[in-house]
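# Coordinates in review
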Amino acid sequence: MTLLKKSLVAACACATFASTSAHAEKFFGDSSISLLYSDQYEAFGGERDTATVFTFENATGHDWGDTFLFFDRFRGHGFSTGNDSIYGEFAPNLSLSWLTGQDLSFGPIKDVRLSGQYEYGGGDVNNNNLMYGLGLSWDVPGLVYFNTNFYYVDNDTEFDTKDDWQATVTWKAPIEAGSALFVFDGYIDYSSAVSGDHAADFHFNPQLKLDIGNFTGNPGVLLAGIEYSYWRNKYGNTAFDTENAISALVKFHF
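The structure contained in this document is the topic of the report that follows. (Residues numbered from 1 in each chain as written. Predicted model: local features only at pLDDT ≥ 70, side-chain atom pairs only at ≥ 80, totals over all residues. Heavy atoms only, no water.)

Moving on to a nonpolar patch on the surface. Together, Ile-33, Ile-212, Phe-215, Leu-222, Val-250, Phe-252 and Phe-254 line one region of the surface with nonpolar side chains, adding up to about 620 Å² of accessible area. If you trace the backbone, Ile-212 turns up in the loop between strand S10 (201-211) and strand S11 (222-232). The exposure class of Ile-212 is partly exposed, given its relative accessible area of 35%. (Patch = residues over 30% accessible without salt bridge, like charges linked within 9 Å, V, L, I, M, F, W, Y side chains within 5 Å. Areas by Shrake-Rupley, 256 points an atom, 1.4 Å probe, with all protein chains shown as cover. Salt bridge = Lys/Arg side-chain N within 4 Å of Asp/Glu carboxyl O. Helix = DSSP H or I, 4+ residues; strand = E, 2+ residues; numbered from the N terminus. Buried < 20%, exposed > 50% of the residue type's maximum accessible area, 1.4 Å probe, protein only.)

In this section: the side chain of Ser-137. Mapping Ser-137 onto the fold places it in strand S6 (residues 127-138). By relative accessible area, Ser-137 is classed as buried at 12%. A polar atom in the side chain of Ser-137 sits 3.3 Å from the side chain of Asn-147. The contact partners of Ser-137, leaving out residues within four places of it in the chain, are Pro-108, Ile-109, Lys-110, Asp-111, Arg-113, Phe-146 and Asn-147. (Polar contact = N/O pair within 3.5 Å; in protein donor to acceptor, adjacent residues only side chain to side chain. Contact = heavy atoms within 4.5 Å.)

Of all hydrophobic cores here, the largest spans 7 residues; its members are Leu-36, Tyr-41, Ala-51, Val-53, Phe-74, Ala-245 and Leu-249. Elements that contribute at least two residues to this core include exactly strand S1 (26-42), strand S2 (48-62) and strand S12 (243-253). Among residues more than four places away in sequence, those in contact with Phe-74 are Tyr-41, Asp-49, Ala-51, Thr-52, Val-53, Asn-83, Asp-84 and Ser-85. Listed in part, the 5 residues of the second largest apolar core include Trp-64, Leu-94, Leu-96 and Leu-114. (Core = buried A, V, L, I, M, F, W, Y, C linked by side-chain atoms within 4.5 Å.)

Next up on the list: the environment of Asn-126. Locating Asn-126 in the fold gives a position in the loop between strand S5 (109-121) and S6. Taking the C-alpha atoms as reference points, Asn-126 and Ile-86, 40 residues apart in sequence, are found 9.4 Å from one another. When near neighbours in sequence (up to four residues on either side) are disregarded, Asn-126 contacts Gly-121, Asp-156, Thr-157 and Glu-158. A polar contact of 3.3 Å, which involves the side chain of Asn-126, links it to the side chain of Glu-158.

Let us look at the pairing of S6. For S5 and S6, the ladder comprises 12 bridges, and the chain directions are antiparallel. Residue pairing for S6: Ile-109 is matched across the bridge by Trp-138. Judged from the 9 bridges that link them, S6 and strand S7 (residues 145-154) form a sheet pairing that is antiparallel. For Gly-135, the partnering residue across the bridge sits in S7 and is Asn-149. Between S6 and S7, which follow one another and run antiparallel, lie 6 residues, and Gly-142 among them has a positive phi close to 90°. (Pairing = 2+ DSSP bridges.)

Our next topic: the sheet that holds S1. Strands sit in the order S1-S2-S3-S4-S5-S6-S7-S8-S9-S10-S11-S12 around a closed barrel of 12 strands; the barrel is antiparallel. Ignoring which end each strand starts from, the neighbouring axes of this sheet average 20° apart. By the bridge criterion, 14 bridges tie S1 to S2 in an arrangement that is antiparallel. Across the sheet, the residue bridging to Glu-42 is Arg-48, located in S2. (Axes fitted to C-alpha atoms, helices over the stretch in contact; angles between N-to-C directions.)

Below, the discussion takes up the packing of aromatic side chains. Per the stated rule, a full pass over the model turns up 12 aromatic pairs. A centroid spacing of 6.0 Å and a plane angle of 55° characterise the contact between Phe-70 and Tyr-87, whose relative ring orientation is tilted. Placement of Phe-70 in strand S3 (residues 65-77) and of Tyr-87 in strand S4 (residues 85-95) is noted, with a sequence separation of 17 residues between them. Comparing Phe-70 with Tyr-87, the two get one shared label, buried. For the pair Phe-202 and Tyr-230, a centre-to-centre distance of 6.2 Å together with 65° between the ring planes defines the contact as edge-to-face. Taken together, the residues Phe-202 in strand S10 and Tyr-230 in strand S11 connect sequence positions 28 residues apart. Each residue in the set Trp-171, Phe-184, Phe-204 and Tyr-228 is aromatic and connected to the rest through ring pairs, giving one cluster. (Phe/Tyr/Trp six-rings, centres within 6.5 Å; stacked < 30°, edge-to-face > 60°.)

As far as function goes, none of this settles anything; it's purely spatial.
Right under this line is the structure:
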């Protein structure tokens, strides 16, 4: 591992412990559990997967940066019965403004960040991947957040996947329609191709949720809606047809 890679990994790892500092300030912390169901997931060879996915998520925001953690429990049905797996990611971001003591904002850019991510599990693929790079936090009117991250991906999988690059976009937008409050959020991932090993893949994965709790004076607690997954060359494999899957979902924040 090069000195640059080691430095980025060390800096992102430090972010996970920075909140113990006497001078660190925590702005928010949120945990949620979700239940999703779809019969439109793409499987190998053009088959369709029917599955229930249980998801746990945790997000925190601090003066030094932020963290995001999730675990998916995939449970197959029908011909996919028994095809169960767990997949998780942990993604810390360390604010360079906080680290240097300098305001690095400029134009629509609120901050520049050292970004890392760890990917674990995922059934037969058995990911154990480290990602490190830089991120930008943007000031976009009407959005709670809009972030772009650029990673070098140190792949460690069951199939000896070659290292590549990934660009990630995340966003969250509240939408008001009369007395109804909606949340439109999600992510876009683009992973580069490696000749002779895997294809470039593109994954667009938004959610549109109605804030049910808002009708009872408890906004942001219980939401229900849909998730859409458009995934070209799923897992970088051209043997998968392009996924166009709509999932029903319920989400509870605590």
